[in-house]
There are 4 protein chains.
Amino acid sequence: MSSRDDTSSLPSRPQRRRLPVEERTPQILDAALEEFAARGYAGARMAEVARRAGIAKGLIYHYFPSKTELFQATVRACTRPTFEAAERSFAAHPGSAREVLRTLVDLGYDKAGNDPRDRTLFRLLITEAANVPELAAFYREEVLSRSLGIVRRLLAEGAASGEFRPDLPDAPGYAEVVLAPVLMLPVWQMMLGEQDAPAPEAMRAAHHAMLMAALSR
Amino acid sequence: MSSRDDTSSLPSRPQRRRLPVEERTPQILDAALEEFAARGYAGARMAEVARRAGIAKGLIYHYFPSKTELFQATVRACTRPTFEAAERSFAAHPGSAREVLRTLVDLGYDKAGNDPRDRTLFRLLITEAANVPELAAFYREEVLSRSLGIVRRLLAEGAASGEFRPDLPDAPGYAEVVLAPVLMLPVWQMMLGEQDAPAPEAMRAAHHAMLMAALSR
Amino acid sequence: MSSRDDTSSLPSRPQRRRLPVEERTPQILDAALEEFAARGYAGARMAEVARRAGIAKGLIYHYFPSKTELFQATVRACTRPTFEAAERSFAAHPGSAREVLRTLVDLGYDKAGNDPRDRTLFRLLITEAANVPELAAFYREEVLSRSLGIVRRLLAEGAASGEFRPDLPDAPGYAEVVLAPVLMLPVWQMMLGEQDAPAPEAMRAAHHAMLMAALSR
Amino acid sequence: MSSRDDTSSLPSRPQRRRLPVEERTPQILDAALEEFAARGYAGARMAEVARRAGIAKGLIYHYFPSKTELFQATVRACTRPTFEAAERSFAAHPGSAREVLRTLVDLGYDKAGNDPRDRTLFRLLITEAANVPELAAFYREEVLSRSLGIVRRLLAEGAASGEFRPDLPDAPGYAEVVLAPVLMLPVWQMMLGEQDAPAPEAMRAAHHAMLMAALSR
DNA sequence: GATGAATGAGACTTCATTCAT
DNA sequence: CATGAATGAAGTCTCATTCAT
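Bear in mind that the values here come from a model prediction, so they are computed numbers and not experimental data.

Trainee: Give a description of the relation of the copies chain D and chain C that names residues and reports values.
Mentor: Two copies of the chain are present, and they differ by a rotation about an axis and a shift along that axis. Superposing chain D onto chain C takes a rotation of 179° plus a shift of 0.0 Å along the axis, which leaves an RMSD of 0.4 Å. Here the symmetry operator amounts to a two-fold rotation axis. Ranked by how close their C-alpha atoms come to the rotation axis, the residues of chain D are headed by A214 of chain D, at 2.0 Å. Of the residues that chain D buries at the interface, 100% are likewise interface residues in chain C, meaning the two copies contact each other through the same surface.

Here it is, written out as structure tokens:
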């Protein structure tokens, strides 16, 4: 019915479509993200990834040599562009350090609280980084270091312009403490589910209030 | 003939000692904690739990009906006493709200940074809560709610005594933001390893500084 | 019928018999020999080995960690006793060097020509030694070197007693040439099948004749 | 647009050159010989044959319908010319039976010991003949029978001329025993590797000595 | 109670073969 | 003719669970 030669009521896609690599690769990565998100690394099944992608099991191995490599590629492919976009948007910062900080925090809560894809990724990163050294390195270098870097630059600029207290940029650990609540929210969401985790909007507002009080001179 | 006095040949005693339930159960739970901590739920092997406990595989099933149940029993058995002890120590709070807050934060960083057993548990809770509903409920009710409760009481007491700003106790999400950095540290440690995670001492100091600045009137 | 609870006409052995290791191991090795002989190393299937042994697939892995190790154990277990028995029987050699040589050659043709188990082993050794270094080493040290050693000792004894020409024991390569026809017969049998290979009896007689003519002074 | 003059970017030309059957066929057979020699029949991979030939996997199936047929074609294509050449060189035998025999033996050890292509073929013939009936028939008819025929003719000529003992030509199995050491050398080389196999030169000399002693009247 | 041999479902992965392009 | 993406059957191996001893 939906395809030529359909003799009955089968799932209707036994058809062998040949796609260019640039289309097939993201198709597989999308399916893999779904599956890894649903079951974690160890629980995910290659057969299920294939089913989600609508292809045969073996084809995955044309594109990725093993489950491990597929997993890393999945996380990398999804995390990097998200984060790079975030960083670009900060490069052209519009106003005072205070405003930029507010924007930064808002964006963090937005990503963590609303974007299901990013939350999924965050969860995978957290639960699997301990088992996959390369993933830990990836998180450290491409996510955490960049985030902390942005915060530190903001603290320095705010101190230079007189908006923030001057002793903060040099206090070790300060950027981590500033950033932590934003990152803790998705951890809670992951552990407790969206409905039982602390309310994102409340945390965002409280976080703003605390930062303004703590950073202003 | 096959009795216990035969000390002749082998150095390893198969032993086959019949132990009462009260001794065997914690022996198994200890071994299970080690194994689950080392490999996560999915990666853990029942045979390895048995080996660590020095018993045969089959014996585990006399005490726990399945891997899942063993896992839940393990987390429950280990988390509850740890946390109850922590709460008891706060009940008898010694001085001003400011001092108690400092003690609270110190204790959090201490547990997270130094006690390997607690860090192990924390890791298991984080990585597996999403898959084991009962674990999530346990965390929410027995760990997170209690912690937040303590913080809220402190904020209220500090506001009442004039030490802290009066608007904080009623701000929703404030306790979460205050607590988050303490909890984020073990998450980072879990993900990155102790040596690559942010420095606990620096975070502790920065956290103190920020809280004092943010909470004081 | 042949077992309790037999509800129909099934192969009648779903029964889980627990055997001591000393009985199960040779049972598996026997089955493995059959399967490896029938299909070669690469073609053999672990599932088929299990079926021949009447056990479940997984049990093989209790006894041998991998297909490769099972293969090596199979060859070792079968070759060593056969060869050691042969060597022992020569230790107590009865008469003149000439007679012993005749006995040796006879035994070689007998083993090669008639014992199906030894022929199977020989075939496996030949076809797989090139791919399994440990097997080649095993053949060199435990089969070829010993065989050549026996021949060399015989040549020396015959020279000492005046039965054989005195220049032979020191000629390098002589023992190899003496031995080669005995070993070539099973190669031909393997390649061509028993019916199309050269006739063992004819070769034995011709080999005797040639050796007597060549070795006598 | 996609034509051959584009030398701009890549150093590897995908080429897609359309070749006549007479060129493509030996190209594939050469690659197949390499691969089968390196891994045996079961271990050989069609993809690797294609890679060695510098073509796509699918193209092999334009020329050979299956792996089995490719294998047979490979052995046939390589063995026949080699052996025919050898036989031609004997047809014009120059001198006495004794000299011809020496030449024959020398050539055998030469082929076996030095020509890597022939040794490769020999190995394939030995290891796979048992599994491929057509290969066994080929070996029997085109290799073994011819070789034995040459030896028998030589024994007869030597007996006729008085150089050799007169009883040999009629002794069944004699030609096999005369020939066996020459053929056993490459078997050993295959099993043990060139460095661990018996020394070809020593065997050649010993073989000469034994034959002269055994055949002379 | 205690053991560990035994089971069997199911996981990852390979590769001969097909076929859309 | 030529390509290499795509298929799917089949293989090795793992491990939670059972049960004869």
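Having seen the structure, we can now continue with the description.
Trainee: Run through the interface of chain B and chain A, naming residues and quoting values.
Mentor: Contact residues are listed per partner, giving 39 residues for chain B and 39 residues for chain A. In total, about 3600 Å² of surface goes out of reach between chain B and chain A, with carbon and sulfur atoms giving 79% of it. Of all residues in chain B, V177, M191 and M210 of chain B bury the most surface against chain A, accounting for 20% of the area lost on that side. Our enumeration of links across chain B and chain A arrives at two salt bridges. With its nearest N and O atoms 3.0 Å apart, the salt bridge here joins D196 of chain B to R140 of chain A. Put simply, chain B and chain A have four residue pairs in polar contact (both at pLDDT 80 or more) between them.

Trainee: Just give me the short version of the interface of chain D and chain C, but keep the residues and values in it.
Mentor: Listed per partner, the contact involves 39 residues of chain D and 39 residues of chain C. Carbon and sulfur atoms make up 79% of the area that chain D and chain C hide from each other, which totals about 3600 Å². The largest share of the area that chain D buries against chain C comes from V177, M191 and M210 of chain D, three residues that together contribute 20% of it. Joining chain D to chain C, the criterion identifies two salt bridges.

Trainee: Describe the relation of the copies chain B and chain A, listing the residues and the values that go with them.
Mentor: Expressed as a screw operation, the relation of chain B to chain A combines 0.1 Å of axial shift with a rotation of 179°, fitting to an RMSD of 0.5 Å. Interface overlap between copies is the fraction of interface residues in one copy that are interface residues in the other; for chain B against chain A it reaches 100%, indicating a shared surface.

Trainee: Outline the packing of aromatic side chains, listing residues and values.
Mentor: Enumeration according to the criterion identifies twelve aromatic pairs over all chains in this entry. Between the aromatic rings of F36 of chain D and F71 of chain D, the centroid separation amounts to 4.8 Å while the plane-to-plane angle is 75°, which identifies the pairing as edge-to-face. With F36 of chain D in helix α1 (residues 21-43) and F71 of chain D in helix α4 (residues 67-91), the pair connects residues that are 35 residues apart, well separated along the chain. Of the two residues, F36 of chain D and F71 of chain D, both sit in the buried class. An aromatic cluster of three or more residues is present, and its members are F36, Y41 and F71 of chain A. Against the face of Y41 of chain A rests K67 of chain A, its NZ or CZ located 4.8 Å from the ring centre.

Trainee: Which residues make up helix α9 (residues 200-215) of chain C, and what are the values?
Mentor: Here α9 of chain C spans 22 Å end to end across 16 residues, near enough to the 22 Å set by a 1.5 Å rise per residue. Those residues of α9 of chain C that fall on the buried side of the exposure criterion are A202, M203, A206, H207, H208, M210, L211, M212, A214 and L215 of chain C. Buried residues belonging to α9 of chain C abut α5 (97-114), α7 (133-161) and α8 (174-192) of chain C together with α8 (174-192) and α9 (200-215) of chain D.

Trainee: Go over the protein's contact with DNA strand E, please, and point to the residues and values.
Mentor: Lining the immediate environment of DNA strand E, one finds 41 residues, of which R16 of chain A, R17, R18 and L19 of chain B together with Y63 of chain C sit closest. Atoms of DNA strand E within 4 Å of the protein: sugar and phosphate make up 69%, bases the balance. Between DNA strand E and the protein, one listed contact pairs a phosphate oxygen with a backbone N or O atom of L19 of chain C at 2.9 Å. Between DNA strand E and K57 of chain D, the relevant distance is 3.3 Å, taken from a base oxygen to a side-chain nitrogen or oxygen of the residue. Going through the elements one at a time, α3 (57-63) of chain A, α3 (57-63) of chain B, α3 (57-63) of chain C together with α3 (57-63) of chain D are the ones with two or more residues in the surface near DNA strand E. The class makeup of the residues in the surface near DNA strand E is 17 nonpolar, six polar and 18 charged.

Trainee: I'd love a proper account of the UniProt feature "DNA-binding region" (unreviewed entry) in chain A, names of residues and values included.
Mentor: As recorded in UniProt, the sites labelled "DNA-binding region" (unreviewed entry) are residues 45-64 of chain A. As annotated, residues 45-64 of chain A has a helix share of 75% and a strand share of 0%, and its two end C-alpha atoms lie 14 Å apart.

Trainee: Help me get a handle on the pattern of salt bridges, residues and values and all.
Mentor: Considering all chains together, one arrives at 44 salt bridges over all chains under this definition. Two residues, R52 of chain D and E34 of chain D, come together in a salt bridge whose shortest N-O distance is 3.0 Å. Taken together, the residues R52 of chain D in helix α2 (residues 46-53) and E34 of chain D in helix α1 connect sequence positions 18 residues apart. A single network of salt bridges, built from pairs that share partners, joins E34, E35, R39, E48, R51 and R52 of chain A.

Trainee: Summarise the nonpolar core; cite the residues concerned and give the values.
Mentor: Counting 137 residues, the largest nonpolar core has L70 and W188 of chain C together with L70 and W188 of chain D as the members making the most contacts within it. Leaving out residues up to four positions away in the same chain, L70 of chain D has contacts with I28, L29, A32, F36, M46, V49, I60 and F64 of chain D. In terms of nonpolar packing, the next biggest core, distinct from the first, is built from 136 residues, A206 of chain A together with A53, L183 and V187 of chain B among them.

Trainee: Quick one: what's the story with the packing of helix α5 (residues 97-114) of chain A against helix α6 (residues 116-129) of chain A, residue by residue and with numbers?
Mentor: Residues and elements named next belong to chain A. As a packed pair, α5 and α6 sit with axes 6 Å apart at the nearest point and diverge in direction by 85°. Relative to α6, α5 is oriented roughly perpendicular. Touching K111, A112, G113 and N114 of α5 are P116, D118 and R119, all from α6. Residues that form the contact of α5 with α6 fall into these classes: two nonpolar, two polar and three charged.

Cut-offs used in this document
- Residues numbered from 1 in each chain as written.
- Chains lettered and ligands numbered in written order.
- Predicted model: local features only at pLDDT ≥ 70, side-chain atom pairs only at ≥ 80, totals over all residues.
- Heavy atoms only, no water.
- Least-squares fit on C-alpha atoms with pLDDT ≥ 70 in both.
- Contact = heavy atoms within 4.5 Å.
- Buried area = accessible area lost by both parts, 1.4 Å probe.
- Salt bridge = Lys/Arg side-chain N within 4 Å of Asp/Glu carboxyl O.
- Polar contact = N/O pair within 3.5 Å; in protein donor to acceptor, adjacent residues only side chain to side chain.
- Phe/Tyr/Trp six-rings, centres within 6.5 Å; stacked < 30°, edge-to-face > 60°.
- Helix = DSSP H or I, 4+ residues; strand = E, 2+ residues; numbered from the N terminus.
- Buried < 20%, exposed > 50% of the residue type's maximum accessible area, 1.4 Å probe, protein only.
- Lys NZ or Arg CZ within 6 Å of the ring centre and 35° of its normal.
- Expected span 1.5 Å × (residues − 1).
- Near = heavy atom within 4 Å.
- Nonpolar A, V, L, I, M, F, W, Y, C, P; charged D, E, K, R; others polar.
- UniProt positions renumbered as here; feature names shortened; annotations may be inferred.
- Core = buried A, V, L, I, M, F, W, Y, C linked by side-chain atoms within 4.5 Å.
- Axes fitted to C-alpha atoms, helices over the stretch in contact; angles between N-to-C directions.
- Parallel < 35°, antiparallel > 145°, perpendicular 65-115°, else oblique.

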